[in-house]
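# Coordinate analysis (summary)
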Amino acid sequence: MFSGLPNYCYLLLLLCLTTVCLGEDPYIYYDWTVSYIAASPLGVKQKVIGINSQFPGPILNVTTNWNVVVNVKNDLDEPMLLTWNGIQQRKDSWQDGVSGTNCPIPVGWNWTYEFQVKDQIGSFFYFPSLHFQRAAGGYGGITINNRNVIPLPFATPDGDITLFISDWFIKSHKELRQDIENGVGLGAPDGILFNGLGPYRYDNALVSGGVSYLTVNVEPGKTYRLRVHNVGVSTSLNFRIQNHNLLLVETEGSYTVQQNYTSLDIHVGQSYSFLVTMDQNASSDYYIVASPRFVNSSDLLKSVGVAVLHYSNSQGPASGPLPDSPNESDTYFSMSQARSVRWNVSAGAARPNPQGSFKYGEITVTDVFVLHNRPAELIEGKWRTTLSGISYLAPSTPLNLAQQFNIPGVFKLDFPNEMMSRPAKVDTSVINGTYKAFVEIIFQNNDTTVQSYHLDGHAFFVVGMDYGQWTENSRSTYNKWDGVARCTTQVFPGAWTAILVFLDNAGIWNLRAQNLDSWYLGQETYVNVVNPETPELPVPANTIYCGALSPLQKEQARRVNFSRAPSLTKTIKLIFIGFVVSLLGSFMR
């Protein structure tokens, strides 16, 4: 039927067929060694967790729908996992990297994560999820760029800058976790870091000399996208740049209504993107500041993190007082800010259809959970934290493996919808989620500090927050149109936050406190979402087995070598390409 076509037409036809048949999304490969390295963030030499000897670790920079392969070798002195904060791992919670989904990577072993950043854009981060290790570092950024067919809802920035802000303690993560096991609170942090570095010496009386600090180099007149992540232990931080406006454009994968802020409170585990235009006269450098919020300490000024914004034509160093922080006595300031962060319902994101086509306010809620927390308390002689009176106990066999291999007694699908009128207990109780259910979750914070909560595998809509006790009447205050979709939300002390989430992702997903002290002592659970028609992806071939399944572990699994060798799919593609090339050769003769 093609006999009348000239040779160049055959060429075009075969190239088109090749594009259609081989239209797989790209792969990107990383090979990471996680180990202790020496650093002095606050002028005191410490062991921190680095990745490929970097602290913070490398940025995972990808594009929507790319396949990511990360081989992780554990050179620490204790088991570890990396989790990918905000990456939804569609139908593949095996890659989530938390205790309920993966066996820890033993000392000296390596394990290869392989996942797709399916239908996502935005700013996220990764970190070690076990044993309080995030307090020692091990974190890094995840940047997911739009595909070219989906335009940004703002002009393309002139540069992209990632900032990690975090509280920091001179005690090691092992000492910190021992303290909280013994009922000793963390207290005020020893300092605030910018990208693993201590404060610029803005005040000789408050900041000692010899501390390395971060300098962000920029060009006058240009606009930069700043991706700011609070990767700390337990402290909310106020972020601001002297004499510059912060135009908020994105948070955790959702484009936001674009609004200017002079400063913004960023709570533990949260990520924001700002556009910042370098529109000042550069008579000197400018302060970039992250200061603690909601911390009662007379030494608070010593904890302020300060970096330097340096214009290429700057006339001198930054000087003078730091830009003012919000008034700590104004309890409504931070909540008002949080309520002002709204979803840009007219912007396209990873999918070509506008986000606003998902009218969450018109969907019928099928289940409601009111989750109460409390400060740490003694349960069975140990200090524990709880959600709805249950302190989660991580079993030796991960939930995912127990469910896959039908091992009884590992966990129970009996997490209560509301606070139980009985003494608190330690248990492995999991939420029985219904596939494609639309669930309302209310976090009621009965603690004295700001808490952040995160759900793996999903983005949720933050629809309401207020002080006091949540009641049925509180729903009348919900934002049912443009509540922002994100994966981590703050809950203020003595207050509540309500979220709505569509459980459309099969798997077992961690619902946790992002504050490490609360999480470590048991303030978490999991949501089990089973799709009866299309199950979650099968157990990966390189799975590490532990607990009741330890006998299945093969010794050679500890030596799974990272390789850029093509997978079976890629081998088929190469064979097909060879076939096409040979055909082209015959046509062109």
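Coordinates for the structure precede this section.
Note that the coordinates shown come from a computational prediction; the quantities given were computed from them, not determined experimentally.

### Some points on the overall build of the protein chain
- A count of helical and extended segments in the protein chain gives six helices and 33 strands.
- Out of the 589 residues in the protein chain, the part that is buried amounts to 56%.
- Here the analysis covers contacts within the protein chain between residues at least 6 apart in sequence; of these, 79% occur between residues at least 24 apart.
- Summed over its atoms, the accessible surface of the protein chain is roughly 24100 Å², and 53% of this surface lies on carbon and sulfur atoms.

### As for the state of the cysteines
- Enumeration according to the criterion identifies one disulfide in this entry.
- Paired by a disulfide, cysteine 103 and cysteine 546 hold their sulfur atoms 2.1 Å apart. Taking the sign of the torsion about the S-S bond as the criterion, the disulfide between cysteine 103 and cysteine 546, at about -85°, is left-handed. Note that cysteine 103 is positioned in the loop between strand E5 (82-85) and strand E6 (110-116) and cysteine 546 in the loop between strand E33 (524-530) and helix H6 (568-588), a separation of 443 residues in sequence. With respect to class, cysteine 103 is no different from cysteine 546; both count as buried.

### Comments concerning the pairing of strand E13 (residues 236-241)
- Among the six residues in E13, six count as buried, and that is most of the element.
- Residues Ser236, Asn238 and Arg240 of E13 are buried on one face, and the alternating residues Leu237, Phe239 and Ile241, pointing to the opposite face, are buried as well.
- Of the pairings in the sheet, the one linking E13 to strand E18 (residues 286-293) comprises six bridges and is antiparallel in character. Looking at E18, one finds that leucine 237 is bridged to proline 292.
- One ladder, built from four bridges, connects E13 with strand E16 (residues 263-266); its direction is antiparallel. Each bridged residue has a counterpart across the sheet, and for arginine 240 the counterpart in E16 is serine 263.

### With respect to the environment of isoleucine 51
- You can see isoleucine 51 is positioned in strand E2 (residues 46-51).
- Isoleucine 51 has contacts with Trp32, Thr33, Val34, Gly57, Pro58, Tyr126 and Gly138, leaving out every residue within four places of it along the chain.

### Things to note about the environment of tyrosine 392
- With respect to the element layout, tyrosine 392 can be found in strand E23 (residues 390-392).
- Sequence separation between tyrosine 392 and tyrosine 526 is 134 residues; the distance between their C-alpha atoms is 9.2 Å.
- If we ignore the near neighbours within four places in the chain, the residues touching tyrosine 392 are Arg384, Leu399, Asp427, Thr428, Ser429, Gly522, Glu524, Thr525 and Tyr526.

### Quick notes on the environment of histidine 173
- Looking at where histidine 173 falls in the secondary structure, it is placed in helix H2 (residues 173-181).
- The exposure class of histidine 173 is buried, given its relative accessible area of 4%.
- Remark: the alpha-carbon pair of histidine 173 and arginine 134, spanning 39 residues in sequence, is separated by 7.9 Å.
- Leave out the neighbours within four places in its chain, and histidine 173 touches Tyr36, Glu78, His131, Phe132, Gln133, Ala135 and Ala136.

### Points about helix H3 (residues 331-340)
- For H3, every residue scored as buried is listed here: Ser334, Met335, Gln337, Ala338 and Ser340.
- In this fold, the buried residues of H3 make contact with strand E15 (254-261), E16, E18, strand E28 (460-467), strand E30 (488-491) and strand E31 (495-502).

### Focus on the nonpolar core
- Among the nonpolar cores identified, the biggest contains 61 residues, and Leu226, Phe239, Phe274 and Leu309 are the most heavily contacted of them.
- Those residues within four positions of phenylalanine 239 in sequence are excluded, and the remaining contacts are Leu163, Phe194, Leu226, Val228, Leu246, Thr262, Ser263, Leu264, Ile266, Phe274, Ile288 and Val289.
- Judged by nonpolar contacts, the second largest core, of 37 residues, contains Tyr30, Ile51, Val70 and Leu401.

### Thoughts on the sheet that holds E13
- Within the open sheet, the five strands sit side by side as E11-E19-E18-E13-E16. Their pairing is mixed. The strands lining the two open edges of the sheet, one partner per strand, are strand E11 (215-218) and E16. Ignoring strand direction, the axes of neighbouring strands in this sheet form an average angle of 20°.
- The pairing of E11 with strand E19 (residues 305-311) spans four bridges and is classified as parallel. Pairing of threonine 215 across the sheet is with valine 308, part of E19.
- On the sheet, H3 packs against E16 and E18 and is oriented at approximately 90° with respect to E16.

About the cut-offs
- Residues numbered from 1 in each chain as written.
- Predicted model: local features only at pLDDT ≥ 70, side-chain atom pairs only at ≥ 80, totals over all residues.
- Heavy atoms only, no water.
- Helix = DSSP H or I, 4+ residues; strand = E, 2+ residues; numbered from the N terminus.
- Buried < 20%, exposed > 50% of the residue type's maximum accessible area, 1.4 Å probe, protein only.
- Contact = heavy atoms within 4.5 Å.
- Areas by Shrake-Rupley, 256 points an atom, 1.4 Å probe, with all protein chains shown as cover.
- Disulfide = S-S within 2.5 Å.
- Pairing = 2+ DSSP bridges.
- Core = buried A, V, L, I, M, F, W, Y, C linked by side-chain atoms within 4.5 Å.
- Axes fitted to C-alpha atoms, helices over the stretch in contact; angles between N-to-C directions.

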